[in-house]
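Structural characterization, general
For reference, the chains in residue letters:
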Amino acid sequence: MIVYHGSYCLVDTPNVSFSRDALDFGKGFYVTGIEEQAINWTSKFKKRGKKGYLNSYILLIDKVKEDYTVKEFLSYDIEWLDFILQCREGSNIYLKYDMIIGGIADDRVYNTIELYKDNLIGKDEALKRLQYYKPNHQICIINQEIINNYLKYEECKEV
């Protein structure tokens, strides 16, 4: 599977230790199978006057699923919502897995999450709203062994 990582630089040897804490699926190296989405990730760097780069890789995802503990969220559901909230609040729940796959809590989705978190809407209403969003795609690689053994750098281009 071809996956992409948007950055302000070439990332030919990814390392999970450079990730920030409290992201959607915890601390890890994030990629997506959607090229346009990775290009959009570079916009935050461009707004700060930096360049944007699209890094491409081959991920042997089937092999990873055979050899490692992978959690996959197929939709925006209650389990996904609770997991995202816990990770964003600094929980280490993500460390039960080597890789996590699922939708991103982007701005539209996060607005609903914030309303729920602030008790302005209930869980049922939050899930009702989330069902209208088409899940985008992110893969969080938590275990560095996966990067070392199953993620092959292909190329980097400025976008």
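That block above? That's the structure.
Residues numbered from 1 in each chain as written. Predicted model: local features only at pLDDT ≥ 70, side-chain atom pairs only at ≥ 80, totals over all residues. Heavy atoms only, no water.

When its secondary structure is counted, the chain shows seven helices and seven strands. Reading the secondary structure of the chain in the N-to-C direction produces β-β-α-α-β-α-β-α-β-α-α-β-α-β. Taking 15 Å as the expected radius of gyration for a compact globule of 159 residues, we find that the chain reaches 16 Å, a close match to that expectation. Each principal axis of the C-alpha atoms in the chain carries an extent, and together these give about 45 × 40 × 25 Å. Here the chain holds 159 residues, and 45% of them are scored as buried. Sequence separation of 24 or more characterises 82% of the internal contacts of the chain that already satisfy a separation of 6 or more. Of the roughly 8700 Å² of accessible surface on the chain, 47% is carried by carbon and sulfur atoms. (Helix = DSSP H or I, 4+ residues; strand = E, 2+ residues; numbered from the N terminus. Rg over C-alpha atoms; globule rule 2.2 N^0.38 Å. Buried < 20%, exposed > 50% of the residue type's maximum accessible area, 1.4 Å probe, protein only. Contact = heavy atoms within 4.5 Å. Areas by Shrake-Rupley, 256 points an atom, 1.4 Å probe, with all protein chains shown as cover.)

What follows covers the nonpolar core. When a protein is soluble and globular, its nonpolar side chains tend to lie buried together. Within the largest apolar cluster, 23 residues are counted, with the highest numbers of intra-cluster contacts made by Phe25, Trp80, Leu81, Phe83, Ile100, Val109 and Ile113. If you list the elements that add at least two residues to this core, you get α4 (78–88), α5 (107–117) and α6 (123–130). By residue number, the principal contributor to this core is α4, which donates six residues. Contacts of Ile100, omitting those with residues within four sequence positions, involve Phe25, Lys71, Phe73, Phe83, Tyr94, Gln138, Ile139, Cys140 and Ile142. In this structure, Val3, Val16, Val31 and Ile61 belong to the second largest nonpolar core, which totals 18 residues. (Core = buried A, V, L, I, M, F, W, Y, C linked by side-chain atoms within 4.5 Å.)

This part takes up the pairing of strand β3 (residues 53–59). Among the seven residues of β3, six are classified as buried, and the element is accordingly described as predominantly covered. Where strand β1 (residues 2–7) and β3 come together, six bridges link them in antiparallel fashion. By the bridge assignment, Ser7 is partnered in β3 with Tyr53. For β3 and strand β7 (residues 151–158), the ladder comprises seven bridges, and the chain directions are antiparallel. Residue Ser56 lies in a different strand from β7, and its bridge partner there is Glu155. (Pairing = 2+ DSSP bridges.)

Turning our eyes to something else, we now look at the sheet that holds strand β5 (residues 99–102). Read from one edge of the open sheet, four strands run β2-β6-β5-β4, paired in mixed fashion. Each edge of the open sheet is held by one strand with a lone partner, namely β2 (29–31) and β4 (70–72). Across the sheet, the axes of successive neighbouring strands diverge by a mean angle of 15 degrees, strand direction being ignored. (Axes fitted to C-alpha atoms, helices over the stretch in contact; angles between N-to-C directions.)

All right, on to the layout of surface pockets then. Volume-wise, the largest pocket comes out at about 1200 Å³. Taken together, 34 residues line the largest pocket, and the ones lying closest to its centre are Gly6, Arg20, Trp41, Lys44 and Phe45. Residue assignment for the lining of the largest pocket shows that the elements contributing at least two residues are β1, β2, α1 (35–41), α2 (43–47) and α5. The dominant element in the lining of the largest pocket, judged by the number of residues it contributes, is α1, at four residues. (1 Å grid on protein atoms, 1.4 Å probe; cavity = no way out; pocket = protein on both sides within 12 Å on 5 of 7 lines; lining within 4 Å. Points joined across faces, edges and corners; volume = space filled by probe spheres on them.)

Moving on to the side chain of Thr32. Note on placement: Thr32 falls in the loop between β2 and α1. Assessed through its relative accessible area of 0%, Thr32 is described here as buried. Within the structure, the side chain of Thr32 is placed 3.1 Å from the backbone nitrogen of Ile34, a separation counted as a polar contact. A distance of 2.7 Å separates a polar side-chain atom of Thr32 from the backbone oxygen of His137. Once residues within four sequence positions are removed from consideration, Thr32 is found in contact with Ile2, Val3, Tyr4, Gln37, Ala38, Trp41 and His137. (Polar contact = N/O pair within 3.5 Å; in protein donor to acceptor, adjacent residues only side chain to side chain.)

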